[in-house]
Amino acid sequence: MKARAAIFREIGGSLTIEEIDVDEPGPQEVRVRTAACGVCHSDLHFMQGNIAGPRPTVPGHEPAGIVESVGSEVRLVKPGDHVIACTSMFCGQCTQCMLGRLHLCTDRRPMRRRKGERPRLSQDGQELFQFADLSGFAELMLLHEKALVRIDDDIPLAQASLVGCGVTTGVGAALNTAKVTPGSSVVVFGAGGVGNSVIQGARIAGARQIIAVDIFPQKLEVAKGFGATHTILVGPQNPDLDPVKEIKKLSQGGVDFAFDAVGNATLASQCFYALAPRGLAVIVGAIPRGQTLTLEPGHFYVEKMITGSIMGSNRFHIEAPQYLELYRQGRLDLDSMITERMPLSEVNVALEAMSSGEVTRTVLTFD
Ligand SMILES: [Zn+2]
Ligand SMILES: [Zn+2]
C-alpha cells in the first residue's frame, strides 16, 4: 500500500517527503495508520551519525495510531484498535529477557523480517530501513505486534504518542531505574521532553525537592508546572554560577538522585558531584560518541553510584497503560508536554526547533 513518508539518506542531510510502499502484514505483523508521532532527540542523533544504522531510512520512533490490518497470528490487537508503539520490543528468550529486563533484550531478529524476505518498507523495489524498527514519520507503519500496546479510545493520540519514547524514558528513569524514594531530593539537568518527564516521575514518586537545571529561563518556568520545586539557570546568561555548589546549597549537602537528561559528559560529572553520600547519578540522555567521562575517585568513598538508563528501564506493556491512567487522573501531565503540532511536511522545521533546544516536544500529526 502507498503512503507518504519522510526519508533520510545522507548523514547531516534533511528529510524528504516521498511516496513509499508499505507491505502487507506478515503473520505476526500489524499495519497501523499513523495518527501522531513525537519528534525525539534520538531521531536527530541518528541523522547526525551519533547512532549507527543503515540507510535510506524512515525515522520516527514515538508514534500512535489506529490498527488498519493484522497478520494471521496476531492476537494482541485488531483492526480499529488505538495503539502506541515503542522500540523496546523483546524476544522473550535471551538472558536479559529471562531476567525480566525486557528493555535490555539482546536479540531483535525475531521481531524483524529475515534477510531475503520482502522488506516491510520499500520504494521502487529498494528496501527502506525502519529506524528503531518503527518508522513513525510515515502515514502507515508495518510493525511486529510486540512493538504495540492497545490503549483506550478516549486518550488523545497525540498525547499518547509521547508515552512511546520520551515520557517512558523520563518517568521510567525516575520510577524504574533510580527508584526515587518518597521525601528524597532530586536534580534534573535539562528541562526538555525527557527532563520534564523525569521531573514528573520524581513528583509521582513523592520526592520532596526537585531541582531543574537548564540554560533557558523559559524552560525552567515550564519545569515548575511539571513539578520542579527549585530551578537553577546555568550557561551564558549566568556564567559565574557553579551548578554543583548551588545544588549542594539548596539540598543542604547534596541530592539523593541526579539525572542527566541532556546527554553530555560535563553534565554527567556534575550530576555525580552534586550527590549526597550513597546518592545515585543516572545518565538518561545519549552522550555523543567521542566524549569521555572523568570522575574523581575519592567520591566513591561515600558510596556514590552512577548508572545508565535506557528507555526508562521499561516493561512497556505494563507501564504504558499505567502512565495513561495517571494522565486520565491528572497526575501525569501530557497536555503541557506538547509545545507544537505540525504536519509531516514540516518535519525538518520540527527537527530544527528541537535542536535549538527551545521546545518541550513537537508532535507530527496526520489527517
Ligand atoms: Zn526517543
Ligand atoms: Zn530478549
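Residues numbered from 1 in each chain as written. Chains lettered and ligands numbered in written order. Predicted model: local features only at pLDDT ≥ 70, side-chain atom pairs only at ≥ 80, totals over all residues. Heavy atoms only, no water.

## Digging into the coordination of the zinc ion (ligand 1)
Then, in step 1: Ligation of the zinc ion (ligand 1) by protein atoms is provided by Cys40 (SG), His61 (NE2) and Cys165 (SG), these donors lying 2.0 to 2.2 Å from the ion.
Then, in step 2: Along the chain, the residues donating to the zinc ion (ligand 1) are arranged with the sequence spacing C-x20-H-x103-C. Of this pair, Cys40 sits in the loop between strand S3 (29-38) and helix H1 (41-47) while Cys165 sits in the loop between helix H3 (157-161) and helix H4 (166-177), and the two are 125 residues apart along the sequence.
Then, in step 3: Overall, the relative accessible area of 5% leaves Cys40 in the buried class. (Donors = N, O, S within 2.8 Å, 3.2 Å for Na, K, Ca; no water. Helix = DSSP H or I, 4+ residues; strand = E, 2+ residues; numbered from the N terminus. Buried < 20%, exposed > 50% of the residue type's maximum accessible area, 1.4 Å probe, protein only.)

## Description of the coordination of the zinc ion (ligand 2)
Four donors placed tetrahedrally about a metal ideally form angles of 109.5 degrees, and six donors placed octahedrally ideally form angles of 90 or 180 degrees.
Then, in step 1: Within the protein, Cys91 (SG), Cys94 (SG), Cys97 (SG) and Cys105 (SG) serve as the donor atoms for the zinc ion (ligand 2), at 2.3 to 2.4 Å.
Then, in step 2: One chain supplies every donor for the zinc ion (ligand 2), spaced along it as C-x2-C-x2-C-x7-C. The burial state of Cys97 is the same as that of Cys105; both residues are buried.

## Some words on the pairing of strand S14 (residues 255-260)
Then, in step 1: For S14, the tally of buried residues reaches five of six residues, placing the bulk of the element in the interior.
Then, in step 2: Bridging between strand S11 (residues 185-189) and S14 involves four bridges; their strand directions are parallel. In the strand pairing of S14, Val188 is matched with Phe259.
Then, in step 3: Pairing analysis gives five bridges linking S14 to strand S15 (residues 275-283), with the strands arranged parallel. Bridging from a neighbouring strand, Val255 pairs with Leu275 of S15. (Pairing = 2+ DSSP bridges.)

## What to know about the domain arrangement of the protein chain
Then, in step 1: Each assigned domain of the protein chain is listed here: domain 1 (2-164 + 333-365) and domain 2 (169-312).
Then, in step 2: Averaged C-alpha coordinates put domain 1 and domain 2 at centres separated by 29 Å.
Then, in step 3: Taken together, the contacts link 19 residues of domain 1 with 16 residues of domain 2.
Then, in step 4: Regarding the contact of domain 1 and domain 2, the summed buried area is about 1,300 Å², with carbon and sulfur atoms giving 57% of it.
Then, in step 5: Viewed at the interface, domain 2 and domain 1 are joined by zero salt bridges. (Domains from an automatic or database assignment. Contact = heavy atoms within 4.5 Å. Buried area = accessible area lost by both parts, 1.4 Å probe. Salt bridge = Lys/Arg side-chain N within 4 Å of Asp/Glu carboxyl O.)

## Some details on the sheet that holds S14
Then, in step 1: Here we have six strands laid out as an open sheet, ordered S13-S12-S11-S14-S15-S16, and parallel in their pairing. The open sheet is flanked by strand S13 (230-233) and strand S16 (305-308), the only strands paired with a single partner. Each strand of the sheet is rotated relative to its neighbour by a mean of 15°, with strand direction disregarded.
Then, in step 2: Judged from the four bridges that link them, strand S12 (residues 209-214) and S13 form a sheet pairing that is parallel. In the strand pairing of S13, Ile211 is matched with His230. (Axes fitted to C-alpha atoms, helices over the stretch in contact; angles between N-to-C directions.)

## With respect to the sheet that holds strand S2 (residues 16-22)
Then, in step 1: Here we have five strands laid out as an open sheet, ordered S1-S2-S7-S8-S4, and mixed in their pairing. Looking along the sheet, the strands with just one partner apiece sit at the ends: strand S1 (2-7) and strand S4 (57-58).
Then, in step 2: Across six bridges, S1 lies against S2 in antiparallel orientation. In the strand pairing of S2, Ala3 is matched with Ile20.

## Section: the packing of aromatic side chains
Then, in step 1: Within the structure shown, the criterion is met by four aromatic pairs.
Then, in step 2: Relative to Phe131, the ring of Phe46 lies with its centre 4.7 Å away and its plane at 25°, an arrangement referred to as stacked. Remark: Phe131 occurs in the loop between strand S8 (126-130) and strand S9 (140-144) and Phe46 occurs in helix H1; sequence separation between them is 85 residues. Taken individually, Phe46 and Phe131 each receive the classification buried, so the pair is uniform in this respect.
Then, in step 3: Look at Phe272 and Phe300: their rings are 5.1 Å apart centre to centre, the planes differ by 50°, and that puts the pair in the tilted class. On the criterion of sequence distance, the pair formed by Phe272 in helix H8 (residues 265-273) and Phe300 in the loop between S15 and S16 is long-range, its members being 28 residues apart.
Then, in step 4: Exposure remark for Phe272: the relative accessible area of 0% places this residue in the buried category.
Then, in step 5: The class for Phe300 is partly exposed, based on a relative accessible area of 40%.
Then, in step 6: Every member of this aromatic cluster is reached through a ring pair, and the members are Phe8, Phe46 and Phe131. (Phe/Tyr/Trp six-rings, centres within 6.5 Å; stacked < 30°, edge-to-face > 60°.)

## Re the nonpolar core
Then, in step 1: Counting residues in each nonpolar core, the largest one holds 55 residues, and the members touching the most others are Ile84, Val163, Val167, Val180 and Phe259.
Then, in step 2: The greatest single-element share of this core, amounting to six residues, is contributed by helix H9 (residues 316-328).
Then, in step 3: Per-domain counts for this core show at least three residues from each of domain 1 (2-164 + 333-365) and domain 2 (169-312).
Then, in step 4: Apart from residues no more than four positions distant in its own chain, Val163 is found in contact with Ile84, Thr168, Phe316, Ala320, Tyr323, Leu324 and Leu334.
Then, in step 5: In terms of nonpolar packing, the next biggest core, distinct from the first, is built from 31 residues, Ile20, Val39, Ala353 and Val359 among them. (Core = buried A, V, L, I, M, F, W, Y, C linked by side-chain atoms within 4.5 Å.)

## Side note on the pattern of salt bridges
Then, in step 1: As enumerated under the stated definition, the model contains 21 salt bridges in all.
Then, in step 2: In this structure, the salt-bridge partner of Arg328 is Asp154, at a minimum N-O distance of 2.8 Å. With Arg328 in helix H9 and Asp154 in the loop between strand S10 (148-151) and H3, the pair connects residues that are 174 residues apart, well separated along the chain.
Then, in step 3: The shortest N-O distance in the salt bridge between Glu303 and Arg278 comes to 2.7 Å.

## Observations regarding helix H10 (residues 347-355)
Then, in step 1: Taken together, the buried positions of H10 are Val347, Ala350, Leu351, Ala353 and Met354. All buried residues of H10 project into a common sector of 160° when viewed along the axis, lining one side.
Then, in step 2: If you follow the buried residues of H10, they end up packed against S1, S2, H1, strand S17 (340-342) and strand S18 (362-365).
Then, in step 3: At the C-terminal side of H10, Gly357 shows a positive phi close to 85°. (Arc of directions from axis to C-beta.)

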